[in-house]
Number of protein chains: 2
Amino acid sequence: MTTMSDVAAAAGVSVMTVSNVLNGRPKVGPETRVRVLEAVERLGYEVNLTAKRLRSGRTGAIGLIVPRFDHPYFGELAAKLAVALTAVGRHLAVEQSNASAEGELAALSHARLATYDAVLLSVVGLHYDDVDRLRSAVPVVLLGEQDMPPRYDHIQLDNEGGAHRATAHLLERGARNLLIAAGGDEGFPSMTTARTAGWRRAQLEAGLEPRPDGVIELAAYEAAVAREAVRARLEVDPSVDGIFAITDQVAFGVMAGVRDAGLRVPQDVQVVGFDNLALGEQLAPALTTIDPTHDWVVEHAMDLLERRIAGEEFPPQHLVSPAPLVIRGSTR
Amino acid sequence: MTTMSDVAAAAGVSVMTVSNVLNGRPKVGPETRVRVLEAVERLGYEVNLTAKRLRSGRTGAIGLIVPRFDHPYFGELAAKLAVALTAVGRHLAVEQSNASAEGELAALSHARLATYDAVLLSVVGLHYDDVDRLRSAVPVVLLGEQDMPPRYDHIQLDNEGGAHRATAHLLERGARNLLIAAGGDEGFPSMTTARTAGWRRAQLEAGLEPRPDGVIELAAYEAAVAREAVRARLEVDPSVDGIFAITDQVAFGVMAGVRDAGLRVPQDVQVVGFDNLALGEQLAPALTTIDPTHDWVVEHAMDLLERRIAGEEFPPQHLVSPAPLVIRGSTR
DNA sequence: GTGAAAGCGCTAACAG
DNA sequence: CTGTTAGCGCTTTCAC
């Protein structure tokens, strides 16, 4: 374990000069710099990030807290974020919040958040009050579709608009008997209510009254749950010719459920998802879906983070990303 | 920002006593303890993990370094690991290594590894020499199928055996013209060579000579690549009746490619994958595959980590997890 | 059972 | 341009 003092001794300078060289501060003579860098090289010195943070309050690390590691949506977002952060000399560590009931609170604890220069918090599954109680020593930017305390910067998708585009597309391609595979009304603004509203509005604008039994209520947004629900529904109601699935994972289940019922996608039933997971492109047929524009989210999240880290003061930003339609084979 | 001194002052004790209470050390009087805990509660104190680590060298955090966040295999492993670590009072942070060429080295730097009590390093894509050059201040346990320096603890799957079981199953279910969707021989022991060897051995044991053109060489283990390669192959060679895909992601592409060629799974071509990704179960037909037994890996990895963290000395362990067959609809 | 002193490795602030 | 001093918040050590 070599320290800065070791390097300083080896180079015949003070620790402060070593620190100045290593952090690229301007006031170091060129030959002193070379001598220090040689000593660093020779001793294999690497900075102790823990000590650096304790003193300076910075490490270059950004935290991303997601509800679960095994959902591809977060994996795809995290991958893009990691690349973008690496490009600006930072790095990303991802933590999972709701591995267990207590895990949720533990991951959000002051102490753990404080290990990062800033934190991106994905609020899926968190409630307004949980987040409102949060006290963080570092800047926090919220990501996700829940209604959240306005004092935070918050980036979300155009859920209503995306669902509207998805549904309008189904109608345009000739579907008339539309279902939505979603959840029940939770009584507060959420991804579910916003996307359901978009599905409803598109039909009203086309002069269609949404079917009263149009919502297939799913206990969980998982493929297996959707698959069984869709199969059961189609067996008693074969008139259905279009289904908007509230997420791509649900859409994967919907497509399997349609097949289980002996029907074909897209000839008998057209399907549109929401999330544009990489895998949707590889199915046969490939999934028509709404793109959550991760690049857009990453770009704007990083801008907010950098400005907050720099201490810039400005009112909390509430950004809504576009959510364009991606047309593939699951619609005609 | 309240510190331990603030709490000590509020409770009328020394910082040392606060530290003792908070860390459950035995030598504190019951009523002192209550007084301290009250002060902690009142002031909303939370420990500064950075300071704690600088002094004690421990934070309770375990690092998992994966090649990429957006591969579901790692997501599923990380999720299970996070749950298990939470249960023992630790927590998991996941970092991505090869977001870029330099990212790989950066993620493995001494400095970054040192922010954890121990590190699980997934070595997919890393070379023997990269890992051999690694100097870490904390225990490192290797995860993955590459050949690695024996001085590390290393957990891998039974690649050859799993591939053998997958192939034997295809033969048992009547397939006779077998392909493997894999990569070329890289000239060193790897996941590719081990799984290809298992595929070969199963055929030899059944009295079949593996076809010289039996390996569909994929430029990358991605669904899109496999899909196109399989479609092209089946169009010139319709006699194929069984394909072992080297990973589930490849298998997803293989199944789509079979359909693209106008054939059916499993009636015309049977398919077996390797990884048991959650999604494989939701396809129609569901994917027969080899289970990488994440639970087994997690259990053994945690055991090694805890013992190394505790400073226990023992020879490097090289463990091979079972890799059982999971039979579903993609085989008859 | 409790506390005082020392210092983990680094950097901010300032002196030279 | 370079060095000195002080101290981030905590735990280790050892004295009482």
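Residues numbered from 1 in each chain as written. Chains lettered and ligands numbered in written order. Predicted model: local features only at pLDDT ≥ 70, side-chain atom pairs only at ≥ 80, totals over all residues. Heavy atoms only, no water.

Tell me about the packing of helix H1 (residues 4-11) of chain B against helix H2 (residues 15-22) of chain B, and please be specific about residues and values.
Residue and element names in this part refer to chain B. Where H1 contacts H2, the two axes come as close as 8 Å, and the packing angle between them is 100°. The angle between the axes of H1 and H2 places the two elements in the roughly perpendicular class. Taking contact as the criterion, the partners of Met4, Ser5, Val7 and Ala8 in H1 are, on H2, Val15, Val18, Ser19 and Leu22. Looking at the contact of H1 with H2 residue by residue, the class counts come to six nonpolar, two polar and no charged. (Axes fitted to C-alpha atoms, helices over the stretch in contact; angles between N-to-C directions. Helix = DSSP H or I, 4+ residues; strand = E, 2+ residues; numbered from the N terminus. Parallel < 35°, antiparallel > 145°, perpendicular 65-115°, else oblique. Contact = heavy atoms within 4.5 Å. Nonpolar A, V, L, I, M, F, W, Y, C, P; charged D, E, K, R; others polar.)

I'd love a proper account of the interface of chain A and chain B, names of residues and values included.
Counting residues at the interface gives 43 residues for chain A, matched by 44 residues for chain B. Its largest share of buried area at the contact with chain B, chain A owes to Thr50, Phe69 and Gln282 of chain A, together 16% of the area lost on that side. At the junction of chain A with chain B, the criterion picks out zero salt bridges. Connecting chain A to chain B are twelve residue pairs in polar contact (both at pLDDT 80 or more). Counting only elements with at least two residues in the side of chain A that touches chain B, the list comes to helix H4 (49-56), helix H5 (72-87), strand E2 (91-96), helix H7 (110-113), helix H11 (223-236) and helix H12 (248-260) of chain A. No other element matches H5 of chain A, which puts seven residues into the side of chain A that touches chain B. Its residues assigned to classes, the side of chain A that touches chain B comprises 23 nonpolar, eleven polar and nine charged. (Buried area = accessible area lost by both parts, 1.4 Å probe. Salt bridge = Lys/Arg side-chain N within 4 Å of Asp/Glu carboxyl O. Polar contact = N/O pair within 3.5 Å; in protein donor to acceptor, adjacent residues only side chain to side chain.)

Outline the domain arrangement of chain A, listing residues and values.
As a measure of interface size, the accessible area lost when the parts come together is often cited. Residue and element names in this part refer to chain A. Under the domain assignment used here, chain A contains domain 1 (4-56), domain 2 (61-157 + 294-324) and domain 3 (159-290). Centre-to-centre separation of domain 2 and domain 3, based on C-alpha positions: 29 Å. Listed per partner, the contact involves twelve residues of domain 2 and 16 residues of domain 3. Between domain 2 and domain 3, the buried area comes to about 1100 Å², and carbon and sulfur atoms account for 54% of it. (Domains from an automatic or database assignment.)

Let's hear about the relation of the copies chain A and chain B: which residues, and what values?
Under the fitted operation, chain A is carried onto chain B by 0.0 Å of movement along the axis and a turn of 180°, and the coordinates agree to an RMSD of 0.1 Å. Seen this way, the second copy is the image of the first under a two-fold rotation axis. Scanning chain A for the C-alpha nearest the rotation axis identifies valine 94 of chain A, at a separation of 2.5 Å. Here 100% of the interface residues in chain A have copies in chain B that are interface residues too; the copies meet face to matching face. (Least-squares fit on C-alpha atoms with pLDDT ≥ 70 in both.)

Can you lay out the sheet that holds strand E7 (residues 215-217) of chain A for me, pointing to particular residues and giving the numbers?
Residue and element names in this part refer to chain A. With parallel pairing, the four strands of this open sheet are ordered in space as E7-E6-E8-E9. Across the chains shown, the open sheet's two edge strands, defined by having one partner strand only, are E7 and strand E9 (270-272). Across the sheet, the axes of successive neighbouring strands diverge by a mean angle of 20°, strand direction being ignored. Note that strand E8 (residues 242-245) and E9 share three bridges and pair parallel. Bridge pairing in E9 links phenylalanine 244 to valine 272. In the packing of helix H9 (residues 159-172) onto the sheet, the strands contacted are strand E6 (178-182), E8 and E9, and the crossing angle to E8 comes to about 165°. (Pairing = 2+ DSSP bridges.)

Which residues make up H11 of chain A, and what values go with them?
Residue and element names in this part refer to chain A. Between its terminal C-alpha atoms H11 stretches 20 Å, which fits the 20 Å expected from 14 residues at 1.5 Å a residue. Those residues of H11 lying buried are Ala223, Ala226, Arg227, Val230, Arg233 and Leu234. The buried side chains of H11 occupy one side of the element, clustering within an arc of 145° when seen end-on. (Expected span 1.5 Å × (residues − 1). Buried < 20%, exposed > 50% of the residue type's maximum accessible area, 1.4 Å probe, protein only. Arc of directions from axis to C-beta.)

Help me get a handle on the nonpolar core, residues and values and all.
Side chains of nonpolar character tend, in soluble globular proteins, to be buried together. Membership of the largest hydrophobic core comes to 136 residues, with the highest contact counts inside it found for Leu92 and Val254 of chain A together with Leu92 and Val254 of chain B. Sort the elements by how many residues they give to this core and helix H5 (residues 72-87) of chain B lands first, with nine residues. Ignoring sequence-local partners within four residues, the contact set of valine 254 of chain A consists of Ala181, Ala226, Val230, Ile243, Ala245 and Val271 of chain A. In this structure, Ala93 and Tyr152 of chain A together with Ala61 and Tyr116 of chain B belong to the second largest nonpolar core, which totals 36 residues. (Core = buried A, V, L, I, M, F, W, Y, C linked by side-chain atoms within 4.5 Å.)

Account for the protein's contact with DNA strand C, naming residues and giving values.
Residues in close proximity to DNA strand C total 24 residues, the closest being Met4 and Tyr45 of chain A together with Gly29, Thr32 and Arg55 of chain B. Among the atoms of DNA strand C close to the protein, meaning within 4 Å, 67% are from sugar or phosphate groups. Between DNA strand C and the protein, one listed contact pairs a phosphate oxygen with a backbone N or O atom of asparagine 48 of chain A at 3.2 Å. Serine 14 of chain B is positioned such that a nitrogen or oxygen atom in its backbone is 3.0 Å from a phosphate oxygen of DNA strand C. Only helix H2 (15-22) and H4 of chain A together with H2 and helix H4 (49-56) of chain B provide two or more residues apiece to the surface near DNA strand C. Ranked by residue count, the leading element in the surface near DNA strand C is H4 of chain A, at four residues. (Near = heavy atom within 4 Å.)

Can you break down the protein's contact with DNA strand D residue by residue, with the values?
With respect to spatial proximity, 23 residues lie near DNA strand D, and among them Thr32 and Arg55 of chain A together with Met4, Met16 and Tyr45 of chain B are the closest. Looking at DNA strand D alone, sugar and phosphate atoms form 67% of those within 4 Å of the protein. Separating a phosphate oxygen of DNA strand D from a backbone N or O atom of serine 14 of chain A is a distance of 3.0 Å. Arginine 55 of chain A is positioned with one of its side-chain polar atoms (N or O) 3.1 Å from a base nitrogen of DNA strand D. Secondary structure elements with two or more residues in the surface near DNA strand D: H2 and H4 of chain A together with H2 and H4 of chain B. Here the surface near DNA strand D takes four residues from H4 of chain B, the largest share from any one element. In the surface near DNA strand D, the residues fall into nine nonpolar, nine polar and five charged.

Explain helix H13 (residues 294-309) of chain A residue by residue, including any values.
Residue and element names in this part refer to chain A. An ideal rise of 1.5 Å per residue puts 22 Å on 16 residues; H13 measures up with 22 Å between its terminal C-alpha atoms. Those residues of H13 that fall on the buried side of the exposure criterion are His294, Val297, Val298, Ala301, Met302, Leu304, Leu305, Arg308 and Ile309. Each buried residue of H13 lies within a common arc of 165° when the element is viewed along its axis, so the set occupies one face. Along H13, the residues that are exposed and aim more than 90 degrees away from the buried face are Asp295 and Glu299.

Explain the side chain of glutamine 270 of chain B residue by residue, including any values.
All names here are of chain B. Along the polypeptide, glutamine 270 turns up in strand E9 (residues 270-272). Since its relative accessible area comes to 0%, glutamine 270 is described here as buried. Beyond its immediate chain neighbours, meaning those up to four positions away, glutamine 270 contacts Leu170, Arg173, Gly174, Ala175, Asp241, Gly242, Ile243, Ser330, Thr331 and Arg332.

Mind laying out the pattern of salt bridges, listing which residues take part and the relevant values?
Opposite charge on two side chains permits pairing when their charged atoms draw close. Counting across every chain of the model gives 48 salt bridges over all chains. The partner of arginine 227 of chain B in a salt bridge is aspartate 260 of chain B, and the shortest N-O contact between them spans 2.7 Å. Taken as a pair, arginine 227 of chain B in helix H11 (residues 223-236) and aspartate 260 of chain B in helix H12 (residues 248-260) lie far apart in primary sequence, 33 residues in all. In this structure, arginine 233 of chain B and aspartate 237 of chain B form a salt bridge, with 4.0 Å as the shortest nitrogen-oxygen distance. One exposure class covers both arginine 233 of chain B and aspartate 237 of chain B, and it is buried. Overlapping salt bridges, with partners in common, bring together Arg53, Arg90, Asp117 and Glu306 of chain A in one network.

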